[in-house]
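Working through the structure, step by step
What follows is the residue order along each chain.
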Amino acid sequence: MHRSRSLAGLIRLLLRTTVLWALAMLAAPALAAYNQSLTRTLDAGQIYGKVAANNTHAFLGIPFAQPPVGALRWRAPQPPQPWSGARAATTLAGMCAQVGNPFGEPDPATFGQPVGTEDCLYLNVWRPNSSADNLPVFFWIHGGSNTKGSAREPAYDGAYLAHKANMVVVTVQYRMGMLGWLNHPAMKTGNALDDSGNFTTLDLVRALDWVKTNARAFGGNPGQVTVAGQSAGCINTWGLLQSPLADGKFHRALCMSGVPNAYPPVVGTLAADSLIDNLLVDTGRASTTLQAAAQRVTMSAADIAALLRGASAAQIMKFTPSPVVPGHFTDGTVIRASGLPGLLAGNYNKMPLMIGSTHDEGSYFAFLFGMGQPSQQELWNLSNYAAPGSVTFNQLIKPEFRPIYTQTHEVISYALDNVIDNVIRVLRLQNGDIYRYNYNWDDTPQPWKDTFGAFHGIDVAALFGNFVTDEPNFMRFAWSSANASSRKALSDKFIGHAASFARYGAPSRMFDGQTTWNNWTNFVCLLCSKRMVFDNQPRMSADDYLFFWPRYSLLSPQQREFLFQQIDFNALPESVDPLRGGTR
């Protein structure tokens, strides 16, 4: 009897609890679905976008800062001025100032000529045309050696990625060259941000501030932001990881084909001195750079500042160091003063990291920096307009390099993989959420397959799902009807892992139907899976690039010299330099 009364009392309690819970749910306000209007209200005013491909909405050319022109050149970016009425956000903005090249907004007639504008701090947003709300935000930083490229590049159209991954995709532009990186005593104002010289990083931090304020307007979650970039975009992602100003403004990082860098401010001063010397010659105030250097040391800070501020964007980009401009100056405000040693010691904005590279990174560097035969214009025409099967390997590689080209670019690729692995090895001591991949798919038509393989940037096409064949672009040679099916299948798998990483901080989860992707381990054994290998059949691999010397020992003196012209290993910290203390 006592037991039955207790059971009846328990049942009444459960019923009462269930009723109260149901009433509470009825009284609670439902989560509002995303309003699918093309008009959105931002902090600076209203905009209207357009219907885009893959059942998405696109909002293009949105200003996230005031134009960095006039008095705002070499100053920290300022929030955009508010506007009245609804502003059109239906076309991509022009690219930032640079020297014409095959990336961004290419026109062979302008290769080597000044193009772009300083008024370029705009971003683009794509989101699914659905009522889904609180979506992850994917913030993309384009590549281009920090001297070229733009968010206008057809490969960066965010429609397919937004649709397939169910994310809000943001692509951003930023100042490049010495418009983005200038550190010189004559330009100091006493403002720590302006005096840092790290204007590219400040642009990106400002864009992240914009995302934090405005993501909700597009159904995005400002507490779930992934910063991603390739090549210089990856280097700049590392820069944000090193910036205390970016702390808490993003929550995962996807870095493709780049390694961290940081320079003491004196390196920026030396680069700026070279710019000043070239400007003195270019404006007729000196006959040679040697004369200009002697004149510079007699000039006042005000005269130097006037020279720099009076220079055109075309002049500044013309005299920007190449192929990579120094940046991420360790000023202590924008970039932590501890620099690379500090990052490797764990002094950075810790978060889950997804880090990748392609199998043949070195082919890009070997080809463009000495071994390739065609000019930029000639390569553009061969890549985009040559009849299938009509181009030969001998047309692409200079005769004197043909016997050693493949072996050389393989060793450069191996060295870069080794550096990336060594960075991960050190970071893994304090961060257990690091996921490594290699993109090995190279089923491109001949002779491009033998020349470039899985080249630098091929994984960007897979990430965005954009294999552009209906307009000229720098990757057009790689796509054919024969590889359409396999590239699309692999792209969808790649996007699936990227979407999982953006949502959960891990590129796969139990029972999600994807290939299981384990985080990196520093253990070396046949069963210790370290990296995902993306090919026609993605797989985890125990491969480790710890053992660089067997490959290096096969190189001739000529090949070793070429290697060191492309990669400044001496600038790397000792813990990640594969050749530290070894034969040069």
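No experiment lies behind these values; they were computed from the predicted model shown.

Comments concerning the packing of helix α12 (residues 361-371) against helix α15 (residues 405-427)
Contact pair α12 / α15: the axes reach a minimum separation of 7 Å and the direction vectors enclose 125°. What the angle tells us is that α12 and α15 run oblique. Considering only the axes of α12 and α15, their crossing is right-handed. Contacts from Glu361, Gly362, Ser363, Phe365, Ala366, Phe367 and Met371 of α12 reach α15 at Tyr405, Thr408, His409, Ile412, Ser413 and Leu416. Classifying every residue of the contact of α12 with α15 gives 7 nonpolar, 5 polar and 1 charged.

Structural notes on the sheet that holds strand β1 (residues 39-41)
Spatial ordering of the open sheet is given by β1-β2-β5, a layout of 3 strands whose pairing is mixed. The open sheet is flanked by β1 and β5 (86-88), the only strands paired with a single partner. Taken pair by pair, the neighbouring strands of this sheet meet at an average axis angle of 30°, ignoring direction. In terms of strand pairing, β1 meets strand β2 (residues 46-48) through 3 bridges, oriented antiparallel. Each residue of the ladder has a partner; that of Arg40, found in β2, is Ile47.

Here we look at the pattern of salt bridges
Charged atoms that come close allow side chains of opposite charge to pair. Tallied over the entire structure, the rule returns 17 salt bridges. For Lys449, the salt bridge is made with Asp443, and the minimal N-O distance between the two is 4.0 Å. Take Asp443: its relative accessible area is 29%, and that puts it in the partly exposed class. The structure contains a network of salt bridges with shared partners spanning Asp417, Asp421, Arg436 and Arg531.

Thoughts on the state of the cysteines
Within the structure shown, the criterion is met by 2 disulfides. With its sulfur 2.0 Å from that of its partner, Cys96 forms a disulfide with Cys120. Measuring the twist about the S-S bond at about 90°, one finds the Cys96-Cys120 disulfide to be right-handed. Separated by 24 residues along the polypeptide, Cys96 in the loop between β5 and β6 (98-99) and Cys120 in the loop between β7 (114-115) and β8 (122-128) bring together distant segments of the chain. Cys120 carries the same exposure label as Cys96, and that label is buried.

A look at the pairing of β8
For β8, a buried count of 7 out of 7 residues is recorded, marking the element as mostly surrounded by other parts of the structure. Where burial is concerned, the two faces of β8 agree: the one with Tyr122, Asn124, Trp126 and Pro128 and the one with Leu123, Val125 and Arg127 are both buried. Two strands pair when backbone bridges link them, and strand β4 (residues 56-63) and β8 are joined in this way by 6 bridges, in the antiparallel orientation. The residue bridging Ala58 from the neighbouring strand is Trp126, located in β8. For β8 and strand β10 (residues 168-172), the ladder comprises 4 bridges, and the chain directions are antiparallel. Paired with Leu123 across the bridge in β10 is Val172.

Notes on the packing of aromatic side chains
Under the counting rule described, the total for this entry stands at 25 aromatic pairs. Geometrically, the ring pair formed by Phe103 and Phe474 is edge-to-face, given 4.6 Å between the ring centres and 65° between the ring planes. Of this pair, Phe103 sits in the loop between β6 and β7 while Phe474 sits in the loop between α17 (458-464) and α18 (484-504), placing them 371 residues apart in sequence. Using a relative accessible area of 15% as the deciding quantity, one classes Phe103 as buried. The interplanar angle of 75° and the centroid separation of 5.9 Å between the aromatic rings of Tyr439 and Phe494 together place this pair among those described as edge-to-face. One end of the pair, Tyr439, is in strand β14 (residues 434-439); the other, Phe494, is in helix α18, with 55 residues separating them in the sequence. The buried category is assigned to Tyr439, whose relative accessible area is 1%. With a relative accessible area of 0%, Phe494 lands in the buried category.

Things to note about the sheet that holds strand β12 (residues 252-256)
The sheet built from 11 strands is open, its strands ordered β3-β4-β8-β10-β9-β11-β12-β13-β14-β15-β16 with mixed pairing. Edge positions in the open sheet fall to β3 (50-52) and β16 (539-541), since each of these has one partner strand only. Pairs of neighbouring strands in the sheet enclose a mean axial angle of 25°, with direction left out of account. The pairing of strand β15 (residues 531-534) with β16 spans 3 bridges and is classified as antiparallel. By the bridge assignment, Met532 is partnered in β16 with Met540. Contacts from helix α6 (residues 232-241) reach β9 (135-141), β11 (220-230), β12 and β13 (353-358), with the element oriented near 130° to β11. Relative to β12, α18 is tilted by about 145°, and along the sheet it contacts β9, β11, β12, β13, β14 and β15.

Things to note about the environment of Phe103
As a C-alpha pair, Phe103 and Asn473 span 370 residues in sequence and 7.6 Å in three-dimensional space. When sequence neighbours within four positions are dropped, the list of residues in contact with Phe103 reads Gln98, Lys148, Gly149, Glu153, Tyr364 and Phe474.

Here we look at the nonpolar core
Within the largest apolar cluster, 64 residues are counted, with the highest numbers of intra-cluster contacts made by Phe138, Trp140, Leu161, Tyr437, Tyr439 and Leu463. Broken down by element, this core gets its largest block of residues, 7 residues, from α18. Contact partners of Tyr437, with chain neighbours within four places excluded, come to Leu254, Met256, Met354, Ile355, Gly356, Ser357, Asp459, Phe494, Trp517, Arg531, Met532 and Phe534.

Some thoughts on helix α9 (residues 301-310)
Owing to its 3.6 residues per turn, the α-helix aligns residues three or four sequence positions apart on the same side. Among all positions in α9, only Ile304, Ala305, Leu307 and Leu308 are buried. Seen along its axis, α9 keeps its buried residues to an arc of 160°; they face one direction. α9 presents Ala302 and Gly310 as exposed residues on the side facing more than 90 degrees away from its buried surface.

So, the confidence of the model for the protein chain
On average, residues of the protein chain score 91 in pLDDT, and 89% of them are at 70 or above. pLDDT under 50 marks residues 17-30. Its contacts with residues more than four places away, or in other chains, come to 0 contacts.

Thoughts on the side chain of Ser243
Along the chain, Ser243 falls in the loop between α6 and β12. The residues contacting Ser243, other than those within four sequence positions of it, are Thr201, Val205, Val334, Ile335, Arg336 and Asn349.

Topic: the pairing of β11
Every regular strand shows the same layout, with side chains that alternate between the two sheet faces. In terms of burial, β11 is largely enclosed, as 10 of its 11 residues are buried. Where β9 lies against β11, 6 bridges are found, and the strand directions are parallel. Paired with Trp140 across the strands is Ala228, a residue of β11. With α6 bridging β11 and the parallel β12, this β-α-β connection has right-handed handedness.

A look at the environment of Val51
Residue position: Val51 is located in strand β3. Sequence-wise, Val51 and Thr90 are 39 residues apart; in three dimensions their C-alpha atoms are separated by 9.2 Å.

What counts, and at which threshold
Residues numbered from 1 in each chain as written. Predicted model: local features only at pLDDT ≥ 70, side-chain atom pairs only at ≥ 80, totals over all residues. Heavy atoms only, no water. Axes fitted to C-alpha atoms, helices over the stretch in contact; angles between N-to-C directions. Helix = DSSP H or I, 4+ residues; strand = E, 2+ residues; numbered from the N terminus. Parallel < 35°, antiparallel > 145°, perpendicular 65-115°, else oblique. Left-handed = near helix turned anticlockwise from the far one by under 90°. Contact = heavy atoms within 4.5 Å. Nonpolar A, V, L, I, M, F, W, Y, C, P; charged D, E, K, R; others polar. Pairing = 2+ DSSP bridges. Salt bridge = Lys/Arg side-chain N within 4 Å of Asp/Glu carboxyl O. Buried < 20%, exposed > 50% of the residue type's maximum accessible area, 1.4 Å probe, protein only. Disulfide = S-S within 2.5 Å. Phe/Tyr/Trp six-rings, centres within 6.5 Å; stacked < 30°, edge-to-face > 60°. Core = buried A, V, L, I, M, F, W, Y, C linked by side-chain atoms within 4.5 Å. Arc of directions from axis to C-beta. pLDDT = per-residue confidence, 0-100. Right-handed = clockwise from strand over helix to strand, strands pointing away.

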